[in-house]
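# Observations on the three-dimensional arrangement
Read off the chains here:
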Amino acid sequence: MYKGLIFLYVVCFSLYIFYSREPDYFDGETLGATIHYRLDSATQQKIPKAVFEVNTKQYAVDASYVFRNLTENKAVEIIYHSRHPELAKIYNFWGYWITWGELLTSIGLFIALFQVAVTVTKNPTAESLLEQLEYKEEKKKRYDD
(Lines give C-alpha, C1' and ligand atoms only; values in the text may rest on other atoms or scores of the structure.)
Protein backbone atom coordinates (compact mmCIF):
# COMPACT_ATOMS: atom_id res chain seq x y z
CA MET A 1 0.00 0.00 0.00
CA TYR A 2 2.75 2.44 0.91
CA LYS A 3 4.64 1.86 -2.33
CA GLY A 4 1.51 2.65 -4.33
CA LEU A 5 0.89 5.86 -2.40
CA ILE A 6 4.47 7.02 -2.80
CA PHE A 7 4.37 6.18 -6.51
CA LEU A 8 1.13 8.16 -6.91
CA TYR A 9 2.65 11.11 -5.02
CA VAL A 10 5.77 11.13 -7.20
CA VAL A 11 3.74 10.93 -10.43
CA CYS A 12 1.34 13.72 -9.40
CA PHE A 13 4.13 15.98 -8.12
CA SER A 14 6.20 15.40 -11.27
CA LEU A 15 3.29 16.27 -13.55
CA TYR A 16 2.55 19.37 -11.48
CA ILE A 17 6.17 20.51 -11.74
CA PHE A 18 6.46 19.80 -15.45
CA TYR A 19 3.39 21.85 -16.41
CA SER A 20 3.49 24.70 -13.89
CA ARG A 21 6.86 26.36 -14.49
CA GLU A 22 7.03 30.06 -15.33
CA PRO A 23 8.52 30.98 -17.77
CA ASP A 24 6.98 28.00 -19.50
CA TYR A 25 9.35 25.18 -20.39
CA PHE A 26 7.61 24.51 -23.72
CA ASP A 27 7.36 28.13 -24.92
CA GLY A 28 10.47 29.51 -23.22
CA GLU A 29 13.82 30.12 -24.84
CA THR A 30 17.18 29.48 -23.21
CA LEU A 31 20.14 31.81 -23.35
CA GLY A 32 23.50 32.19 -21.68
CA ALA A 33 23.96 34.79 -18.95
CA THR A 34 26.71 35.96 -16.62
CA ILE A 35 26.47 36.45 -12.86
CA HIS A 36 27.35 39.91 -11.57
CA TYR A 37 26.92 41.15 -8.02
CA ARG A 38 25.01 44.42 -7.86
CA LEU A 39 23.91 46.60 -4.98
CA ASP A 40 20.24 46.13 -4.10
CA SER A 41 18.60 49.50 -3.46
CA ALA A 42 16.13 48.13 -0.90
CA THR A 43 18.49 46.14 1.34
CA GLN A 44 21.79 47.87 0.49
CA GLN A 45 23.44 44.48 0.05
CA LYS A 46 25.17 42.99 -2.96
CA ILE A 47 23.05 40.29 -4.56
CA PRO A 48 23.79 38.11 -7.61
CA LYS A 49 22.10 39.13 -10.83
CA ALA A 50 22.05 37.12 -14.05
CA VAL A 51 22.86 39.61 -16.81
CA PHE A 52 21.90 38.80 -20.39
CA GLU A 53 21.06 40.57 -23.62
CA VAL A 54 18.00 40.13 -25.85
CA ASN A 55 17.51 42.22 -29.01
CA THR A 56 20.35 44.60 -28.04
CA LYS A 57 18.68 45.35 -24.69
CA GLN A 58 20.37 44.27 -21.48
CA TYR A 59 18.39 42.63 -18.67
CA ALA A 60 19.39 41.66 -15.12
CA VAL A 61 17.29 39.21 -13.11
CA ASP A 62 17.71 38.14 -9.52
CA ALA A 63 19.80 34.98 -9.29
CA SER A 64 19.81 34.45 -5.53
CA TYR A 65 18.05 31.37 -4.21
CA VAL A 66 18.18 29.17 -1.11
CA PHE A 67 21.18 26.77 -1.14
CA ARG A 68 22.50 28.19 -4.43
CA ASN A 69 25.99 29.67 -4.37
CA LEU A 70 26.99 31.72 -7.40
CA THR A 71 30.33 33.39 -7.98
CA GLU A 72 31.11 36.55 -9.90
CA ASN A 73 31.37 36.09 -13.71
CA LYS A 74 29.99 32.56 -13.59
CA ALA A 75 28.24 31.53 -16.80
CA VAL A 76 24.69 30.29 -16.26
CA GLU A 77 21.79 29.41 -18.51
CA ILE A 78 18.52 31.29 -18.21
CA ILE A 79 15.06 30.57 -19.54
CA TYR A 80 12.75 33.38 -20.59
CA HIS A 81 9.66 34.09 -22.61
CA SER A 82 10.33 36.21 -25.69
CA ARG A 83 7.54 38.68 -24.81
CA HIS A 84 8.73 39.18 -21.21
CA PRO A 85 12.50 38.67 -20.93
CA GLU A 86 12.55 40.68 -17.68
CA LEU A 87 10.81 37.72 -15.97
CA ALA A 88 13.59 35.25 -16.78
CA LYS A 89 14.74 32.55 -14.36
CA ILE A 90 17.98 30.66 -14.04
CA TYR A 91 17.48 27.34 -15.80
CA ASN A 92 18.71 25.06 -13.06
CA PHE A 93 17.26 21.97 -11.38
CA TRP A 94 17.20 23.60 -7.95
CA GLY A 95 15.27 26.83 -8.27
CA TYR A 96 13.50 26.31 -11.59
CA TRP A 97 12.25 22.72 -11.54
CA ILE A 98 12.27 22.13 -7.78
CA THR A 99 11.53 25.01 -5.41
CA TRP A 100 11.81 24.66 -1.67
CA GLY A 101 8.32 26.05 -1.00
CA GLU A 102 6.57 23.64 -3.34
CA LEU A 103 8.61 20.70 -2.09
CA LEU A 104 7.87 21.36 1.59
CA THR A 105 4.20 22.09 0.93
CA SER A 106 3.67 18.92 -1.10
CA ILE A 107 5.41 16.73 1.47
CA GLY A 108 3.33 18.35 4.24
CA LEU A 109 0.11 17.76 2.31
CA PHE A 110 1.10 14.17 1.59
CA ILE A 111 1.73 13.47 5.28
CA ALA A 112 -1.46 15.25 6.40
CA LEU A 113 -3.70 13.46 3.89
CA PHE A 114 -2.06 10.12 4.70
CA GLN A 115 -2.77 10.67 8.40
CA VAL A 116 -6.40 11.53 7.62
CA ALA A 117 -6.77 8.33 5.58
CA VAL A 118 -5.22 6.21 8.35
CA THR A 119 -7.42 7.85 11.00
CA VAL A 120 -10.61 7.30 9.01
CA THR A 121 -9.93 3.63 8.31
CA LYS A 122 -8.25 2.65 11.59
CA ASN A 123 -11.26 2.04 13.86
CA PRO A 124 -14.28 0.70 11.99
CA THR A 125 -17.70 0.77 13.65
CA ALA A 126 -19.18 -2.38 15.16
CA GLU A 127 -21.80 -2.65 12.39
CA SER A 128 -19.27 -2.49 9.57
CA LEU A 129 -16.97 -4.96 11.35
CA LEU A 130 -19.88 -7.41 11.79
CA GLU A 131 -20.84 -6.96 8.14
CA GLN A 132 -17.29 -7.75 7.05
CA LEU A 133 -17.18 -10.88 9.21
CA GLU A 134 -20.55 -12.17 7.94
CA TYR A 135 -19.73 -11.62 4.28
CA LYS A 136 -19.69 -14.79 2.21
CA GLU A 137 -18.64 -14.69 -1.39
CA GLU A 138 -21.28 -16.04 -3.77
CA LYS A 139 -20.30 -18.93 -5.94
CA LYS A 140 -20.14 -17.86 -9.54
CA LYS A 141 -20.74 -20.09 -12.48
CA ARG A 142 -17.85 -20.53 -14.81
CA TYR A 143 -19.99 -20.07 -17.91
CA ASP A 144 -23.25 -18.23 -18.43
CA ASP A 145 -26.18 -20.49 -19.36
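## So, the packing of aromatic side chains
By the definition in use, this model includes 19 aromatic pairs. An aromatic cluster is built from F18, Y19, Y25, F26, Y91, Y96 and W97, whose rings are joined through pairwise contacts.

## A closer look at the side chain of R68
Its location among the elements puts R68 in the loop between β3 (57-62) and β4 (75-81). With no salt bridge to any partner, buried R68 finds its closest opposite charge in D62, at an N-O distance of 7.6 Å. The contact partners of R68, leaving out residues within four places of it in the chain, are A63, I90, N92, W94 and G95.

## Concerning the nonpolar core
Core analysis: the biggest nonpolar cluster contains 14 residues, and I35, A50, F52, V76, I78 and I90 have the highest contact counts within it. The residues touching A50, leaving out its near neighbours within four places in the chain, are A33, T34, I35, Y59, A60, V61, A63, V76, I78 and I90. Among the nonpolar cores identified, the runner-up in size contains 6 residues, and F13, I79, Y96 and W97 belong to it.

## Quick word on the environment of N73
Structurally, N73 is set in the loop between β3 and β4. For the pair N73 and E29, spaced 44 residues apart in sequence, the C-alpha to C-alpha distance is 22 Å. Setting aside residues up to four positions removed in sequence, N73 forms contacts with T34, I35 and H36. In this structure the side chain of N73 is engaged in a polar contact, spanning 3.5 Å, whose partner is the side chain of H36.

## What to know about the pattern of salt bridges
Between side chains of opposite charge, pairing is possible as soon as their charged atoms come close. Applying the stated criterion across every chain yields a total of 1 salt bridge. One salt bridge connects E102 with R21, and the closest N-O pair in it is separated by 2.7 Å. Remark: R21 occurs in the loop between α1 (2-20) and β1 (29-39) and E102 occurs in helix α2 (residues 100-122); sequence separation between them is 81 residues.

## A closer look at the confidence of the model for the protein chain
Taken over all residues, the pLDDT of the protein chain has a mean of 88, while the share at 70 or more is 99%. When pLDDT is averaged over each helix and strand of the protein chain, the minimum, 86, is found for helix α3 (residues 126-134) and the maximum, 94, for β4.

## So, the packing of α1 against α2
Closest axis-to-axis distance for the α1/α2 pair is 12 Å, and the angle between their directions is 145°. Judged by the sense of rotation from one axis to the other, the crossing of α1 with α2 is right-handed. Residues Y2, L5, I6, Y9, F13 and Y16 of α1 pack against E102, L103, S106, I107, F110 and F114 of α2. Across the contact of α1 with α2, the residue classes break down as 10 nonpolar, 1 polar and 1 charged.

Calculation notes
Residue numbers restart at each chain and count upward from 1, following the sequence in its written direction. Thresholds applied to this predicted model are a pLDDT of at least 70 for local features of residues and 80 or more for the giving and counting of side-chain atom pairs; totals over whole chains, interfaces and linings are not thresholded and use all residues. Hydrogens and water are ignored here; the side-chain numbers use all heavy atoms of the structure. Under the pairing criterion, centres of Phe, Tyr and Trp rings, with the six-membered ring standing for Trp, must be within 6.5 Å; the plane angle then separates stacked pairs below 30 degrees from edge-to-face pairs above 60, leaving the rest tilted. Helix and strand labels come from DSSP, where a helix needs a run of H or I of at least four residues and a strand needs a run of E of at least two; each type is numbered from the N terminus. Residue burial is assigned from relative accessible area. The probe radius is 1.4 Å, only protein chains are included, and a residue is buried under 20% of its type maximum, exposed over 50%, and partly exposed in between. Counting rule applied: Lys, Arg positive; Asp, Glu negative; His and chain ends not counted. Here a salt bridge means any side-chain nitrogen of Lys or Arg lying within 4 Å of a carboxyl oxygen belonging to Asp or Glu. Whether two residues touch is decided by their heavy atoms; if any such pair falls within 4.5 Å, the residues are in contact. Buried Ala, Val, Leu, Ile, Met, Phe, Trp, Tyr and Cys residues form a nonpolar core when they are joined through side-chain atoms within 4.5 Å. We define a polar contact as two N or O atoms separated by no more than 3.5 Å, with the added condition that, inside protein, one atom must be a possible hydrogen donor and the other a possible acceptor, whereas residues neighbouring each other in sequence contribute only through side-chain atom pairs. pLDDT measures the predictor's confidence residue by residue and takes values from 0 up to 100. Throughout, an axis means a line fitted to C-alpha atoms (over the contacting stretch in the case of helices), and angles, computed between N-to-C directions, take values from 0 to 180 degrees. In this scheme the crossing of two helices becomes right-handed for a clockwise turn of the near helix relative to the far one and left-handed for an anticlockwise turn of less than a right angle. Gly is placed with the polar residues, together with every amino acid not listed as nonpolar (Ala, Val, Leu, Ile, Met, Phe, Trp, Tyr, Cys and Pro) or charged (Asp, Glu, Lys and Arg).

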